[in-house]
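# Architecture and fold: a report
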Amino acid sequence: MSILVTGGTGYIGSHTVCELIQNGYEVVVIDNFSNSKRQVLTSIYEITGVKPTFYEGDVADITLLEEIFTKEKIDAVIHFAGFKAVGESVKEPLKYYQNNLESTLHLLAVMQKYHCQKFIFSSSATVYGDPASLPITEDFPLSTTNPYGTTKLMIEQILKDLYQVDPTMNITILRYFNPIGSEKSGRLGEDPNGIPNNLMPYIVRVATGKLPQLNVFGNDYDTKDGTGVRDYIHVVDLAKGHVKALDKLDAGLHIYNLGTGTGYSVLDIVKTFERVNYVSIPYQIVARRPGDIAACYADVTKAKKELGWQAELSIEDMCLDAYHYIEQANKRAD
Ligand code: NAD
Ligand code: UFG
(Lines give C-alpha, C1' and ligand atoms only; values in the text may rest on other atoms or scores of the structure.)
(Ligands and ions follow the chains in the order given, each with its own letter.)
Protein backbone atom coordinates (compact mmCIF):
# COMPACT_ATOMS: atom_id res chain seq x y z
CA MET A 1 0.00 0.00 0.00
CA SER A 2 1.45 3.36 -1.05
CA ILE A 3 0.93 6.38 1.19
CA LEU A 4 1.44 10.01 0.17
CA VAL A 5 2.75 11.94 3.17
CA THR A 6 2.57 15.70 2.74
CA GLY A 7 4.98 17.61 4.98
CA GLY A 8 6.87 14.33 5.41
CA THR A 9 10.22 15.97 6.21
CA GLY A 10 8.69 18.03 9.05
CA TYR A 11 8.81 17.15 12.73
CA ILE A 12 5.77 14.86 13.06
CA GLY A 13 5.75 13.85 9.39
CA SER A 14 9.33 12.50 9.44
CA HIS A 15 8.67 10.39 12.54
CA THR A 16 5.51 9.06 10.93
CA VAL A 17 7.32 8.24 7.67
CA CYS A 18 9.75 6.07 9.69
CA GLU A 19 6.92 4.27 11.47
CA LEU A 20 5.09 3.69 8.18
CA ILE A 21 8.19 2.24 6.53
CA GLN A 22 8.88 0.07 9.57
CA ASN A 23 5.31 -1.23 9.32
CA GLY A 24 5.68 -2.24 5.68
CA TYR A 25 4.04 0.71 3.94
CA GLU A 26 5.49 2.27 0.80
CA VAL A 27 5.87 5.99 1.31
CA VAL A 28 5.87 8.92 -1.10
CA VAL A 29 6.76 12.28 0.44
CA ILE A 30 6.04 15.79 -0.77
CA ASP A 31 7.55 18.78 1.02
CA ASN A 32 8.74 22.23 -0.01
CA PHE A 33 11.24 22.53 2.89
CA SER A 34 9.56 25.74 4.05
CA ASN A 35 10.06 24.49 7.62
CA SER A 36 12.36 21.48 7.29
CA LYS A 37 15.68 20.41 5.85
CA ARG A 38 16.71 18.04 3.04
CA GLN A 39 19.02 16.26 5.53
CA VAL A 40 15.88 14.69 7.07
CA LEU A 41 15.62 12.41 4.03
CA THR A 42 19.11 11.04 4.80
CA SER A 43 18.12 10.56 8.45
CA ILE A 44 15.02 8.61 7.42
CA TYR A 45 17.25 6.37 5.29
CA GLU A 46 19.73 5.88 8.14
CA ILE A 47 16.94 4.93 10.53
CA THR A 48 14.87 2.69 8.25
CA GLY A 49 17.25 1.60 5.47
CA VAL A 50 14.67 2.84 2.96
CA LYS A 51 14.64 6.01 0.87
CA PRO A 52 11.05 7.15 0.43
CA THR A 53 10.16 8.47 -3.01
CA PHE A 54 10.47 12.23 -2.66
CA TYR A 55 8.92 15.16 -4.53
CA GLU A 56 10.15 18.64 -3.68
CA GLY A 57 7.40 21.21 -4.11
CA ASP A 58 4.27 22.86 -2.84
CA VAL A 59 1.16 20.84 -2.03
CA ALA A 60 -0.84 23.67 -3.57
CA ASP A 61 0.84 22.96 -6.94
CA ILE A 62 -1.85 21.06 -8.84
CA THR A 63 0.49 20.16 -11.71
CA LEU A 64 2.93 18.52 -9.30
CA LEU A 65 0.11 16.72 -7.47
CA GLU A 66 -1.20 15.40 -10.78
CA GLU A 67 2.30 14.16 -11.63
CA ILE A 68 2.50 12.32 -8.32
CA PHE A 69 -0.95 10.73 -8.66
CA THR A 70 -0.16 9.73 -12.24
CA LYS A 71 3.26 8.20 -11.54
CA GLU A 72 2.66 6.66 -8.11
CA LYS A 73 -0.21 4.43 -7.14
CA ILE A 74 -1.37 6.41 -4.12
CA ASP A 75 -3.80 4.49 -1.90
CA ALA A 76 -4.05 6.99 0.95
CA VAL A 77 -2.86 10.45 1.96
CA ILE A 78 -1.64 11.67 5.35
CA HIS A 79 -1.71 15.46 5.25
CA PHE A 80 0.78 17.15 7.61
CA ALA A 81 1.89 20.03 5.39
CA GLY A 82 0.96 23.44 6.71
CA PHE A 83 2.17 26.36 8.77
CA LYS A 84 1.79 25.93 12.53
CA ALA A 85 3.05 28.95 14.49
CA VAL A 86 0.18 30.45 16.46
CA GLY A 87 1.79 33.89 17.06
CA GLU A 88 2.88 34.26 13.43
CA SER A 89 -0.65 33.38 12.28
CA VAL A 90 -2.01 36.34 14.28
CA LYS A 91 0.50 38.69 12.62
CA GLU A 92 0.21 37.24 9.11
CA PRO A 93 -3.26 35.68 8.82
CA LEU A 94 -3.37 35.66 5.01
CA LYS A 95 -0.17 33.62 4.84
CA TYR A 96 -1.83 30.99 7.05
CA TYR A 97 -5.20 30.94 5.31
CA GLN A 98 -3.51 30.78 1.92
CA ASN A 99 -1.01 28.02 2.68
CA ASN A 100 -3.09 25.78 4.92
CA LEU A 101 -6.38 26.09 3.03
CA GLU A 102 -5.14 26.26 -0.55
CA SER A 103 -2.87 23.23 -0.17
CA THR A 104 -5.68 21.20 1.38
CA LEU A 105 -8.28 22.23 -1.21
CA HIS A 106 -5.98 21.44 -4.12
CA LEU A 107 -4.94 18.14 -2.58
CA LEU A 108 -8.55 17.05 -2.01
CA ALA A 109 -9.53 18.05 -5.55
CA VAL A 110 -6.69 16.02 -7.09
CA MET A 111 -7.49 13.07 -4.82
CA GLN A 112 -11.09 13.23 -6.04
CA LYS A 113 -9.94 13.30 -9.67
CA TYR A 114 -7.73 10.23 -9.15
CA HIS A 115 -10.33 8.38 -7.05
CA CYS A 116 -8.20 8.31 -3.93
CA GLN A 117 -10.61 8.17 -1.00
CA LYS A 118 -8.46 7.66 2.08
CA PHE A 119 -7.39 10.76 3.95
CA ILE A 120 -5.85 11.38 7.37
CA PHE A 121 -5.64 14.98 8.55
CA SER A 122 -3.43 16.60 11.19
CA SER A 123 -5.73 18.66 13.35
CA SER A 124 -4.99 20.06 16.77
CA ALA A 125 -6.31 20.35 20.31
CA THR A 126 -6.38 24.06 19.57
CA VAL A 127 -9.84 23.51 17.98
CA TYR A 128 -11.28 23.01 21.49
CA GLY A 129 -10.50 26.64 22.38
CA ASP A 130 -10.71 27.13 26.16
CA PRO A 131 -12.49 23.94 27.24
CA ALA A 132 -15.27 24.24 29.83
CA SER A 133 -14.14 21.07 31.59
CA LEU A 134 -11.42 18.41 31.49
CA PRO A 135 -10.54 15.90 30.15
CA ILE A 136 -11.58 16.83 26.62
CA THR A 137 -13.64 14.35 24.59
CA GLU A 138 -13.97 14.54 20.82
CA ASP A 139 -17.57 15.83 21.03
CA PHE A 140 -16.64 18.99 22.98
CA PRO A 141 -17.72 22.31 21.40
CA LEU A 142 -15.19 23.75 18.95
CA SER A 143 -13.82 27.28 18.76
CA THR A 144 -10.52 28.98 18.05
CA THR A 145 -8.63 32.05 19.17
CA ASN A 146 -6.16 32.53 16.30
CA PRO A 147 -5.96 32.19 12.49
CA TYR A 148 -3.86 29.01 12.71
CA GLY A 149 -6.53 27.32 14.79
CA THR A 150 -9.22 28.65 12.48
CA THR A 151 -7.51 27.00 9.49
CA LYS A 152 -7.68 23.66 11.35
CA LEU A 153 -11.34 24.19 12.18
CA MET A 154 -12.15 25.25 8.60
CA ILE A 155 -10.40 22.20 7.16
CA GLU A 156 -12.29 19.93 9.56
CA GLN A 157 -15.52 21.54 8.27
CA ILE A 158 -14.43 21.11 4.64
CA LEU A 159 -13.83 17.41 5.32
CA LYS A 160 -17.25 17.04 6.99
CA ASP A 161 -18.93 18.73 4.00
CA LEU A 162 -17.04 16.51 1.56
CA TYR A 163 -18.06 13.42 3.47
CA GLN A 164 -21.71 14.51 3.33
CA VAL A 165 -21.70 14.34 -0.45
CA ASP A 166 -19.46 11.29 -0.66
CA PRO A 167 -20.05 8.90 2.24
CA THR A 168 -17.80 6.30 0.62
CA MET A 169 -14.79 8.42 1.63
CA ASN A 170 -12.52 7.27 4.47
CA ILE A 171 -11.54 10.35 6.46
CA THR A 172 -9.80 10.41 9.82
CA ILE A 173 -9.17 13.64 11.69
CA LEU A 174 -6.48 13.35 14.36
CA ARG A 175 -6.42 16.08 17.00
CA TYR A 176 -2.93 16.18 18.46
CA PHE A 177 -2.24 17.48 21.92
CA ASN A 178 1.36 18.66 22.61
CA PRO A 179 3.94 16.56 20.73
CA ILE A 180 7.49 16.68 22.09
CA GLY A 181 10.55 14.41 22.10
CA SER A 182 12.38 12.64 19.29
CA GLU A 183 13.08 9.14 18.04
CA LYS A 184 15.76 7.28 19.99
CA SER A 185 18.76 7.54 17.67
CA GLY A 186 18.81 11.34 17.83
CA ARG A 187 18.67 11.66 14.04
CA LEU A 188 15.21 13.24 13.83
CA GLY A 189 13.72 15.88 16.09
CA GLU A 190 12.58 19.44 16.53
CA ASP A 191 14.91 22.41 16.24
CA PRO A 192 12.97 25.46 15.07
CA ASN A 193 14.61 28.46 13.43
CA GLY A 194 14.92 31.56 15.61
CA ILE A 195 13.69 31.79 19.18
CA PRO A 196 11.32 28.88 19.88
CA ASN A 197 7.68 29.59 20.69
CA ASN A 198 6.97 26.22 22.27
CA LEU A 199 8.03 25.09 25.70
CA MET A 200 10.23 22.05 25.02
CA PRO A 201 12.40 23.55 22.25
CA TYR A 202 12.88 26.60 24.47
CA ILE A 203 13.94 24.47 27.46
CA VAL A 204 16.40 22.60 25.25
CA ARG A 205 17.98 25.89 24.13
CA VAL A 206 18.40 26.90 27.79
CA ALA A 207 19.89 23.49 28.59
CA THR A 208 22.48 23.89 25.82
CA GLY A 209 23.35 27.44 26.93
CA LYS A 210 21.95 29.08 23.81
CA LEU A 211 19.34 31.00 25.79
CA PRO A 212 19.96 32.27 29.34
CA GLN A 213 16.71 31.26 31.01
CA LEU A 214 13.16 30.10 30.46
CA ASN A 215 10.32 32.58 30.78
CA VAL A 216 7.42 30.82 32.47
CA PHE A 217 4.26 32.48 31.21
CA GLY A 218 2.28 32.99 34.41
CA ASN A 219 2.05 31.18 37.75
CA ASP A 220 -1.41 32.37 38.70
CA TYR A 221 -3.54 29.89 36.73
CA ASP A 222 -6.00 27.70 38.55
CA THR A 223 -3.70 24.66 38.30
CA LYS A 224 -1.73 22.67 40.88
CA ASP A 225 1.29 25.01 40.87
CA GLY A 226 -0.22 27.95 39.01
CA THR A 227 1.58 27.27 35.71
CA GLY A 228 -0.10 26.08 32.50
CA VAL A 229 -0.99 22.39 32.20
CA ARG A 230 -0.79 20.48 28.89
CA ASP A 231 -1.03 16.93 27.61
CA TYR A 232 2.49 16.30 26.28
CA ILE A 233 2.78 13.28 23.99
CA HIS A 234 5.96 11.66 22.70
CA VAL A 235 6.21 12.22 18.94
CA VAL A 236 6.98 8.52 18.39
CA ASP A 237 3.72 7.55 20.12
CA LEU A 238 1.96 10.14 17.98
CA ALA A 239 3.55 8.70 14.82
CA LYS A 240 2.39 5.21 15.84
CA GLY A 241 -1.13 6.59 16.22
CA HIS A 242 -1.07 7.45 12.51
CA VAL A 243 -0.12 3.90 11.57
CA LYS A 244 -2.99 2.57 13.68
CA ALA A 245 -5.37 5.09 12.12
CA LEU A 246 -4.24 4.01 8.67
CA ASP A 247 -4.57 0.31 9.50
CA LYS A 248 -8.15 0.95 10.64
CA LEU A 249 -9.13 3.45 7.95
CA ASP A 250 -12.60 2.44 6.77
CA ALA A 251 -15.60 4.17 5.24
CA GLY A 252 -16.69 7.00 7.47
CA LEU A 253 -15.49 10.19 9.05
CA HIS A 254 -13.72 9.54 12.33
CA ILE A 255 -12.21 11.96 14.83
CA TYR A 256 -9.68 11.00 17.52
CA ASN A 257 -7.77 12.81 20.22
CA LEU A 258 -4.13 11.75 20.26
CA GLY A 259 -2.71 12.57 23.68
CA THR A 260 -1.75 10.67 26.81
CA GLY A 261 -4.69 11.75 28.95
CA THR A 262 -2.36 13.21 31.60
CA GLY A 263 -1.64 16.88 32.18
CA TYR A 264 1.74 18.21 33.29
CA SER A 265 2.49 21.78 34.36
CA VAL A 266 5.33 23.90 33.00
CA LEU A 267 7.20 23.40 36.27
CA ASP A 268 6.64 19.61 36.10
CA ILE A 269 8.37 19.64 32.73
CA VAL A 270 11.22 21.84 33.93
CA LYS A 271 11.85 19.66 37.00
CA THR A 272 11.63 16.39 35.04
CA PHE A 273 13.95 17.71 32.35
CA GLU A 274 16.51 18.76 34.99
CA ARG A 275 16.27 15.43 36.84
CA VAL A 276 16.63 13.06 33.88
CA ASN A 277 19.23 15.08 31.97
CA TYR A 278 21.34 16.27 34.95
CA VAL A 279 21.14 19.91 33.82
CA SER A 280 19.88 23.09 35.37
CA ILE A 281 17.10 25.11 33.73
CA PRO A 282 17.06 28.60 35.26
CA TYR A 283 13.66 30.25 34.89
CA GLN A 284 11.76 33.37 35.79
CA ILE A 285 8.03 33.85 36.10
CA VAL A 286 6.73 36.46 33.67
CA ALA A 287 3.27 37.65 32.62
CA ARG A 288 0.78 35.22 31.07
CA ARG A 289 1.10 34.80 27.29
CA PRO A 290 -1.97 36.31 25.59
CA GLY A 291 -4.29 33.60 24.25
CA ASP A 292 -2.97 30.85 26.53
CA ILE A 293 -5.40 28.68 28.46
CA ALA A 294 -4.88 27.30 31.97
CA ALA A 295 -5.13 23.61 31.24
CA CYS A 296 -5.76 21.19 28.41
CA TYR A 297 -5.64 17.41 28.37
CA ALA A 298 -7.36 14.71 26.42
CA ASP A 299 -9.79 11.94 27.11
CA VAL A 300 -8.14 9.22 25.02
CA THR A 301 -10.75 6.50 25.49
CA LYS A 302 -11.99 6.65 21.91
CA ALA A 303 -8.58 6.13 20.27
CA LYS A 304 -7.84 3.29 22.66
CA LYS A 305 -11.16 1.56 22.01
CA GLU A 306 -11.48 2.08 18.27
CA LEU A 307 -7.85 2.25 17.08
CA GLY A 308 -6.31 -0.02 19.69
CA TRP A 309 -3.75 2.72 20.29
CA GLN A 310 -2.49 4.40 23.41
CA ALA A 311 0.62 6.38 24.24
CA GLU A 312 3.31 4.33 25.95
CA LEU A 313 6.28 6.61 26.48
CA SER A 314 6.65 8.62 29.68
CA ILE A 315 7.34 12.27 30.34
CA GLU A 316 10.87 11.17 31.32
CA ASP A 317 11.34 9.59 27.86
CA MET A 318 10.09 12.81 26.24
CA CYS A 319 12.58 14.97 28.17
CA LEU A 320 15.49 12.56 27.62
CA ASP A 321 14.88 12.16 23.90
CA ALA A 322 14.31 15.87 23.22
CA TYR A 323 17.70 16.68 24.78
CA HIS A 324 19.46 13.73 23.16
CA TYR A 325 18.39 14.93 19.70
CA ILE A 326 19.86 18.40 20.22
CA GLU A 327 23.07 17.04 21.68
CA GLN A 328 23.45 14.79 18.64
CA ALA A 329 22.52 17.60 16.24
CA ASN A 330 25.07 19.92 17.85
CA LYS A 331 27.75 17.18 17.58
CA ARG A 332 26.94 16.69 13.91
CA ALA A 333 27.24 20.46 13.32
CA ASP A 334 30.73 20.63 14.96
P1 NAD B 1 6.50 21.10 10.71
O2 NAD B 1 6.50 22.54 10.36
O3 NAD B 1 7.72 20.52 11.33
O4 NAD B 1 6.13 20.22 9.43
C5 NAD B 1 5.32 20.68 8.40
C6 NAD B 1 6.03 20.36 7.09
O7 NAD B 1 5.19 20.79 6.01
C8 NAD B 1 7.37 21.09 6.94
O9 NAD B 1 8.35 20.15 6.53
C10 NAD B 1 7.12 22.12 5.84
O11 NAD B 1 8.28 22.35 5.07
C12 NAD B 1 6.01 21.48 5.05
N13 NAD B 1 5.09 22.39 4.35
C14 NAD B 1 4.39 23.43 4.86
N15 NAD B 1 3.61 23.96 3.91
C16 NAD B 1 3.82 23.24 2.78
C17 NAD B 1 3.30 23.28 1.47
N18 NAD B 1 2.38 24.18 1.10
N19 NAD B 1 3.74 22.37 0.56
C20 NAD B 1 4.67 21.44 0.90
N21 NAD B 1 5.19 21.35 2.12
C22 NAD B 1 4.77 22.24 3.05
O23 NAD B 1 5.22 20.87 11.65
P24 NAD B 1 4.82 19.60 12.53
O25 NAD B 1 5.01 19.96 13.96
O26 NAD B 1 5.45 18.40 11.99
O27 NAD B 1 3.26 19.59 12.27
C28 NAD B 1 2.68 18.79 11.27
C29 NAD B 1 1.19 19.07 11.22
O30 NAD B 1 0.63 18.80 12.51
C31 NAD B 1 0.84 20.51 10.89
O32 NAD B 1 -0.32 20.51 10.07
C33 NAD B 1 0.53 21.11 12.24
O34 NAD B 1 -0.37 22.17 12.14
C35 NAD B 1 -0.10 19.93 12.98
N36 NAD B 1 0.01 20.03 14.44
C37 NAD B 1 1.24 20.23 15.01
C38 NAD B 1 1.32 20.36 16.40
C39 NAD B 1 2.65 20.61 17.06
O40 NAD B 1 2.66 21.05 18.23
N41 NAD B 1 3.78 20.34 16.43
C42 NAD B 1 0.17 20.26 17.20
C43 NAD B 1 -1.05 20.03 16.58
C44 NAD B 1 -1.12 19.92 15.18
N1 UFG C 1 5.31 28.16 27.97
C2 UFG C 1 6.14 28.89 28.82
N3 UFG C 1 7.26 29.45 28.30
C4 UFG C 1 7.61 29.31 26.99
C5 UFG C 1 6.78 28.55 26.14
C6 UFG C 1 5.63 28.01 26.66
O7 UFG C 1 5.85 29.05 30.01
O8 UFG C 1 8.66 29.87 26.57
C9 UFG C 1 4.10 27.52 28.52
C10 UFG C 1 2.82 28.00 27.89
O11 UFG C 1 2.34 29.15 28.57
C12 UFG C 1 1.91 26.78 28.07
C13 UFG C 1 2.88 25.60 27.96
O14 UFG C 1 4.18 26.14 28.24
O15 UFG C 1 1.35 26.77 29.36
C16 UFG C 1 2.88 24.95 26.58
O17 UFG C 1 3.10 25.95 25.60
P18 UFG C 1 3.48 25.58 24.09
O19 UFG C 1 3.71 26.87 23.37
O20 UFG C 1 4.57 24.58 24.06
O21 UFG C 1 2.17 24.83 23.57
P22 UFG C 1 0.65 25.32 23.45
O23 UFG C 1 -0.17 24.41 24.28
O24 UFG C 1 0.53 26.77 23.68
O25 UFG C 1 0.35 25.06 21.90
C26 UFG C 1 0.81 23.91 21.20
C27 UFG C 1 1.01 24.27 19.73
C28 UFG C 1 -0.32 24.60 19.09
C29 UFG C 1 -1.26 23.44 19.29
C30 UFG C 1 -1.40 23.11 20.76
C31 UFG C 1 -2.26 21.90 20.97
O32 UFG C 1 1.88 25.39 19.62
O33 UFG C 1 -0.13 24.79 17.72
O34 UFG C 1 -0.11 22.86 21.33
O35 UFG C 1 -1.82 20.85 20.19
F36 UFG C 1 -2.46 23.77 18.79
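Residues numbered from 1 in each chain as written. Chains lettered and ligands numbered in written order. Predicted model: local features only at pLDDT ≥ 70, side-chain atom pairs only at ≥ 80, totals over all residues. Heavy atoms only, no water.

Attention now goes to the overall build of the protein. Scanning the protein from N- to C-terminus turns up 11 helices and 14 strands. Relative to its length of 334 residues, the protein is compact, with a C-alpha radius of gyration of 19 Å against a globular reference of 20 Å. Considering only C-alpha atoms, the protein reaches an extent of 55 × 50 × 40 Å along its principal axes. Looking at the protein as a whole, 53% of its 334 residues are labelled buried. For the protein, long-range pairs separated by at least 24 residues make up 79% of all intrachain contacts whose partners lie at least 6 apart in sequence. Carbon together with sulfur atoms contributes 50% to the accessible area of the protein, which is approximately 14800 Å² in total. Separation of charge centres in the protein, based on 31 positive and 41 negative side chains, amounts to 2 Å. (Helix = DSSP H or I, 4+ residues; strand = E, 2+ residues; numbered from the N terminus. Rg over C-alpha atoms; globule rule 2.2 N^0.38 Å. Buried < 20%, exposed > 50% of the residue type's maximum accessible area, 1.4 Å probe, protein only. Contact = heavy atoms within 4.5 Å. Areas by Shrake-Rupley, 256 points an atom, 1.4 Å probe, with all protein chains shown as cover. Lys, Arg positive; Asp, Glu negative; His and termini not counted. Charge placed at Lys NZ, Arg CZ, Asp CG, Glu CD.)

Think of a sheet as strands paired side by side through backbone hydrogen bonds, with each pair either parallel or antiparallel. As summarised here, the arrangement of the 3 strands in space is β12-β9-β14, forming an open sheet in which the pairing is mixed. At either end of the open sheet lies a strand with only one pairing partner, and these are β12 (264-265) and β14 (295-296). (Pairing = 2+ DSSP bridges.)

On to the environment of T16, then. Mapped onto the fold, T16 is located in helix α1 (residues 11-22). Among residues more than four places away in sequence, those in contact with T16 are I78, F80, A239 and H242.

The subject of this paragraph is the site of ligand 2. Looking at ligand 2, there are 23 residues lining it, with S124, F177, N215, R230 and D292 nearest. At 3.0 Å from an oxygen atom of ligand 2 is found a main-chain nitrogen or oxygen belonging to Y176. Within the side chain of N198, one N or O atom sits 2.8 Å away from an oxygen atom of ligand 2. Out of a free accessible area of 690 Å², ligand 2 has 89% covered by protein chains. Counting only elements with at least two residues in the shell around ligand 2, the list comes to α7 (199-207) and β8 (214-217). Looking at the shell around ligand 2, the element that brings in the most residues is β8, giving 4 residues. (Near = heavy atom within 4 Å. Polar contact = N/O pair within 3.5 Å; in protein donor to acceptor, adjacent residues only side chain to side chain.)

Moving on: the site of ligand 1. In the vicinity of ligand 1, 27 residues are found, and the nearest of them are D31, N35, S36, N99 and Y148. Within the contact set of ligand 1, an oxygen atom lies 3.0 Å away from a backbone nitrogen or oxygen of S34. Burial of ligand 1 by the protein chains amounts to 95% of its free accessible area of 830 Å². When residues of the shell around ligand 1 are assigned to their parent elements, the largest contribution, 3 residues, is made by strand β5 (residues 118-124). Within the shell around ligand 1, the residues separate by chemical class into 10 nonpolar, 13 polar and 4 charged. (Nonpolar A, V, L, I, M, F, W, Y, C, P; charged D, E, K, R; others polar.)

This brings us to the packing of aromatic side chains. One pass over the structure, following the stated rule, counts 6 aromatic pairs. Relative to F140, the ring of Y128 lies with its centre 6.5 Å away and its plane at 85°, an arrangement referred to as edge-to-face. Residue Y128 is found in the loop between β5 and α6 (147-165), and its partner F140 is found in the loop between β5 and α6; the two are separated by 12 residues along the sequence. The exposure class of Y128 is buried, given its relative accessible area of 2%. (Phe/Tyr/Trp six-rings, centres within 6.5 Å; stacked < 30°, edge-to-face > 60°.)

Taken as a whole, this structure holds 15 salt bridges when the rule is applied. Between R175 and E156 there is a salt bridge, with the nearest N and O atoms lying 2.7 Å from each other. Here R175, found in strand β6 (residues 170-176), pairs with E156, found in helix α6; they are 19 residues apart in sequence, far enough to count as distant. E156 carries the same exposure label as R175, and that label is buried. In this structure, R275 and E316 form a salt bridge, with 2.9 Å as the shortest nitrogen-oxygen distance. Linking R275 in helix α9 (residues 266-277) with E316 in helix α11 (residues 315-333), this pair joins segments that are 41 residues apart in sequence. Of the residues examined, E316 reaches a relative accessible area of 27% and is grouped as partly exposed. Each member of the salt-bridge network shares a partner with another, and the members are E156, K160 and R175. (Salt bridge = Lys/Arg side-chain N within 4 Å of Asp/Glu carboxyl O.)

Attention now goes to the pairing of strand β1 (residues 2-6). Walk down a regular strand and you will see the side chains alternate between the two sheet faces. Most of β1 is tucked away, with 5 of its 5 residues classed as buried. Residues S2, L4 and T6 point to one face of β1 and I3 and V5 to the other, with burial holding for every one of them. As paired strands, β1 and strand β2 (residues 26-31) are joined by 5 bridges and run parallel to one another. Bridging from a neighbouring strand, L4 pairs with V28 of β2. Crossover connection from β1 via α1 to parallel β2: handedness right-handed. Alignment of β1 against strand β4 (residues 76-79), held across 4 bridges, turns out to be parallel. Paired with V5 across the strands is I78, a residue of β4. (Right-handed = clockwise from strand over helix to strand, strands pointing away.)

Attention now moves to the nonpolar core. In terms of nonpolar packing, the biggest core is built from 33 residues, with I3, L20 and L246 touching the most fellow members. Leave out the neighbours within four places in its chain, and L20 touches I3, V5, Y25, V27, I78, V243 and L246. Counting residues in each nonpolar core, the second largest holds 28 residues, with L211, V216, I269 and Y325 among its members. (Core = buried A, V, L, I, M, F, W, Y, C linked by side-chain atoms within 4.5 Å.)

Turning our attention to the pairing of strand β11 (residues 252-258). The element β11 is extensively covered by neighbouring structure, given that 5 of its 7 residues are classed as buried. When β6 meets β11, the two strands line up parallel, connected through 7 bridges. Within the sheet, the bridge partner assigned to N170 lies in β11 and is G252.

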